[in-house]
Amino acid sequence: FAEERKVIDAMTIFHRNERRDLEAAVRFYLDRDHTSAHTALADAQATADVLKAQLQRYDELPRDAQGLHEYCNKKNSRFVDQQGKFVWIAGEAAINFGKHRGTLLRQMVEREKNYLQWMASKDDFSDEVLGIVRGALEGEFPNKA
């Protein structure tokens, strides 16, 4: 019976069908149109106005820069890095994308070192991810705290 069940997520439908840009935020939080959209100064001012309105609307938001940074960048505990390119499997870091998804980083060093060297040479990955890869190539692996 489980194979016959279907999952329908109203949030996914909402995110795919409703505009989620600065103009929509200005309309929602400030009840006005963003008339000078796409000019740097106007967009920066509108963003500041939206943030101010969010702080007034949501009591649970932190009131300091560090707290807001942490609120906006919550790290999923399954992820080794902020981007989620690596995940924890049985306490060890593993690749979380592409053909090597699910392969432990330690195994990648042993069996697919060329792939990690390729990753280390790319600027497509964040500094955090590159640090993990370069560390692994030198025998240093992340520890789950």
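Residues numbered from 1 in each chain as written. Predicted model: local features only at pLDDT ≥ 70, side-chain atom pairs only at ≥ 80, totals over all residues. Heavy atoms only, no water.

S.K.: Would you mind going over the overall build of the chain with me for this structure?
M.R.: The secondary structure content of the chain amounts to seven helices and two strands. Secondary structure elements in the chain, listed N-terminal to C-terminal, are α-α-α-α-β-β-α-α-α. In terms of C-alpha radius of gyration, the chain reaches 21 Å, well past the compact-globule figure of 15 Å for 145 residues. Looking at the chain as a whole, 29% of its 145 residues qualify as buried. Once local pairs closer than 6 in sequence are excluded, the contacts in the chain between residues at least 24 apart make up 30%. In the chain, which carries 22 positive and 24 negative side-chain charges, the distance between the mean positions of the two groups comes to 4 Å. (Helix = DSSP H or I, 4+ residues; strand = E, 2+ residues; numbered from the N terminus. Rg over C-alpha atoms; globule rule 2.2 N^0.38 Å. Buried < 20%, exposed > 50% of the residue type's maximum accessible area, 1.4 Å probe, protein only. Contact = heavy atoms within 4.5 Å. Lys, Arg positive; Asp, Glu negative; His and termini not counted. Charge placed at Lys NZ, Arg CZ, Asp CG, Glu CD.)

S.K.: Explain the packing of aromatic side chains to me, please; I cannot follow it from the model alone.
M.R.: In this description, a pair of aromatic rings is defined by centroid distance and the angle of the planes. Under the defined criterion, the tally for this structure stands at five aromatic pairs. Arranged with centres 6.1 Å apart and planes meeting at 85 degrees, the rings of tyrosine 29 and tyrosine 58 form a pair that is edge-to-face. With tyrosine 29 in helix α2 (residues 22–30) and tyrosine 58 in the loop between α3 (40–57) and α4 (65–72), this residue pair connects regions lying 29 residues apart in the sequence. Tyrosine 58 gets classed as partly exposed once you look at its relative accessible area, which sits at 25%. The interplanar angle of 85 degrees and the centroid separation of 6.3 Å between the aromatic rings of tryptophan 118 and phenylalanine 125 together place this pair among those described as edge-to-face. A residue is classified by how much of its surface remains accessible, and tryptophan 118, at 40% relative accessible area, is partly exposed. Cluster of aromatic residues (ring-pair linked, three or more members): Phe97, Tyr115, Trp118 and Phe125. The cationic tip of lysine 85 hangs over the ring face of phenylalanine 97; the distance from NZ or CZ to the ring centre is 5.2 Å. A cation over a ring is seen here: arginine 106 above phenylalanine 141, with NZ or CZ 4.3 Å from the ring centre. (Phe/Tyr/Trp six-rings, centres within 6.5 Å; stacked < 30°, edge-to-face > 60°. Lys NZ or Arg CZ within 6 Å of the ring centre and 35° of its normal.)

S.K.: Please clarify how the packing of helix α6 (residues 113–121) against helix α7 (residues 127–137) should be interpreted in this entry.
M.R.: The description of two packed helices rests on the angle between their axes and on the distance between the axes. Contact geometry of α6 with α7 gives a least axis separation of 9 Å together with a crossing angle of 140 degrees. Viewed along their axes, α6 and α7 adopt a mutual orientation that is oblique. As for the relative orientation of α6 and α7, their crossing is left-handed in sense. Residues Lys113, Leu116, Gln117, Met119 and Ala120 of α6 form the contact with α7, whose participating residues are Val129, Leu130, Val133, Arg134 and Leu137. (Axes fitted to C-alpha atoms, helices over the stretch in contact; angles between N-to-C directions. Parallel < 35°, antiparallel > 145°, perpendicular 65-115°, else oblique. Left-handed = near helix turned anticlockwise from the far one by under 90°.)

S.K.: Just checking my understanding: could you explain the nonpolar core for this structure?
M.R.: Formed by 19 residues in total, the largest nonpolar core has its most connected members in Phe86, Ile95, Leu105, Leu116, Met119 and Val133. Elements supplying a minimum of two residues to this core: β1 (86–89), β2 (92–95), α5 (105–111), α6 and α7. For this core, the leading source of residues is α7, giving five residues. One finds Ala25, Tyr29, Val50 and Ala53 within the second-largest nonpolar core, a separate group that totals six residues. (Core = buried A, V, L, I, M, F, W, Y, C linked by side-chain atoms within 4.5 Å.)

S.K.: Just checking my understanding: could you explain the pattern of salt bridges for this structure?
M.R.: Opposite charge on two side chains lets them pair, provided their charged atoms get close. All told, the structure shown has five salt bridges when counted by the stated rule. One salt bridge in this structure joins aspartate 21 and arginine 19, with 2.6 Å as the shortest N-O distance. Among the residues examined, aspartate 21 registers a relative accessible area of 35% and is labelled partly exposed. Residues arginine 19 and glutamate 23 are paired through a salt bridge, measuring 3.8 Å at the closest nitrogen-oxygen approach. Judged by relative accessible area, which is 47%, arginine 19 ranks as partly exposed. (Salt bridge = Lys/Arg side-chain N within 4 Å of Asp/Glu carboxyl O.)

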